[in-house]
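Here are the chains, one letter per residue:
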Amino acid sequence: QLPYVDTFKYIIMPDLSTTQAALRTGVIDQLGGFNIDDRDLMLKTAPELKTAPRGKWRVNPIFMKTTQAPYNNVKVRRALLMATNFNEINDTLYKGLGDIISWPYFDVEGYEPLYVSVDDPDCTDLIKELYTYNPEKAKTLLAEAGYPNGFKAKLTLTQVEVDYYSIIKDYWAKVNIDLELEVV
């Protein structure tokens, strides 16, 4: 049992190797946001570390201003999902260990009632369609929304999310969405 602590200090360290060294040496007590390869390396190089999964492998979802074009059109938002091959990303980047749906809640022990997977009987056909890779339907939806030639978009993200969103960028390029990644 840990003593009650009413304050926490969050330290922002942009350099991943510095952050990992801080955890290995005990300068910081906790660290999340690993990709699967970094996690495996940390556990190999610092076997005394204790781990506790907080859900399966995933990254932060894209938040967009849905009051502004093009995101104010539901067909555009649907097209973005359908232009993304979540199963392939899970199989390759996350070694099959990820959740396909991770928003608004991810699959974690003790919170099962909050999570619905694409295989769940309560998952509607409309939701299943959104998470089924279909770039041709995505192009059709974009055209119906008034973007037959796609559009340019900018995503601000952290270094730890670059691998995932670089894959997204490649998928979206196939439906003429030019995604700029701004790493901060």
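The structure contained in this document is the topic of the report that follows.

About the cut-offs
Residues numbered from 1 in each chain as written. Predicted model: local features only at pLDDT ≥ 70, side-chain atom pairs only at ≥ 80, totals over all residues. Heavy atoms only, no water. Helix = DSSP H or I, 4+ residues; strand = E, 2+ residues; numbered from the N terminus. Buried < 20%, exposed > 50% of the residue type's maximum accessible area, 1.4 Å probe, protein only. Contact = heavy atoms within 4.5 Å. Areas by Shrake-Rupley, 256 points an atom, 1.4 Å probe, with all protein chains shown as cover. Core = buried A, V, L, I, M, F, W, Y, C linked by side-chain atoms within 4.5 Å. Axes fitted to C-alpha atoms, helices over the stretch in contact; angles between N-to-C directions. Parallel < 35°, antiparallel > 145°, perpendicular 65-115°, else oblique. Left-handed = near helix turned anticlockwise from the far one by under 90°. Nonpolar A, V, L, I, M, F, W, Y, C, P; charged D, E, K, R; others polar. Salt bridge = Lys/Arg side-chain N within 4 Å of Asp/Glu carboxyl O.

1. As for the overall build of the protein chain
Scanning the protein chain for helices and strands turns up 7 helices and 2 strands. Taking all 184 residues of the protein chain together, the buried fraction comes to 30%. Contacts in the protein chain between residues far apart in sequence, at least 24 positions, make up 64% of those at least 6 positions apart. Approximately 12400 Å² of the protein chain is accessible, and the part contributed by carbon and sulfur atoms is 54%.

2. Some details on the nonpolar core
Nonpolar side chains tend toward joint burial in soluble globular proteins. In this structure, Leu-80, Leu-142, Phe-151, Tyr-164, Ile-168, Trp-172 and Ile-177 are the most contacted members of the largest nonpolar core, which totals 31 residues. Put simply, the parts of the chain that give this core at least two residues each are helix 3 (74–82), helix 4 (86–92), helix 6 (135–144), strand 1 (151–157), helix 7 (162–173) and strand 2 (177–183). Considering each element in turn, this core owes the most residues, 6 residues, to helix 7. Apart from residues lying up to four places away in sequence, Trp-172 is in contact with Ile-62, Leu-80, Ala-83, Thr-84, Ile-177 and Leu-179. The next biggest cluster of nonpolar side chains, apart from the first, holds 5 residues, and it includes Ala-22, Ile-28, Phe-34 and Met-42.

3. What about the packing of helix 3 against helix 6?
Direction vectors running N to C along helix 3 and helix 6 enclose 165 degrees, while the axes themselves pass 8 Å from each other. Considering their axes alone, helix 3 and helix 6 lie roughly antiparallel with respect to each other. Of the two possible hands of crossing, helix 3 and helix 6 adopt the one that is left-handed. Where helix 3 approaches helix 6, its residues Lys-75, Val-76, Arg-78, Ala-79 and Met-82 are matched on the opposing element by Pro-135, Lys-137, Ala-138, Leu-141, Leu-142 and Glu-144. Of the residues that constitute the contact of helix 3 with helix 6, the class distribution is 7 nonpolar, no polar and 4 charged.

4. Describing the environment of Val-184
Looking at where Val-184 falls in the secondary structure, it is placed in the segment after strand 2. For the pair Val-184 and Thr-156, spaced 28 residues apart in sequence, the C-alpha separation works out to 6.9 Å.

5. Some thoughts on the packing of helix 1 (residues 16–24) against helix 2 (residues 36–45)
For any two helices packed against each other, one specifies the crossing angle of their axes together with the interaxial distance. At a minimum axis distance of 11 Å, the contact between helix 1 and helix 2 shows a crossing angle of 35 degrees. When you trace helix 1 past helix 2, the crossing you get is right-handed. Between helix 1, through Leu-16, Gln-20, Leu-23 and Arg-24, and helix 2, the contact on the second element is made entirely by Asp-38, Leu-41, Met-42 and Thr-45. In terms of residue class, the contact of helix 1 with helix 2 is built from 4 nonpolar, 2 polar and 2 charged.

6. A short note on the pattern of salt bridges
Summed over the entire model, instances satisfying the criterion amount to 8 salt bridges. Between Arg-78 and Glu-129 there is a salt bridge; the shortest N-O distance is 2.8 Å. Here Arg-78 is found in helix 3, whereas its partner Glu-129 is found in helix 5 (residues 125–130), with 51 residues between them in sequence. A salt bridge links Lys-137 to Glu-129, with the shortest nitrogen-to-oxygen separation between them at 2.8 Å. Assessed through its relative accessible area of 30%, Lys-137 is described here as partly exposed. With relative accessibility at 26%, the residue Glu-129 sits in the partly exposed group. Among the charged side chains, a salt-bridge network with shared partners connects Arg-39, Asp-40 and Lys-95.

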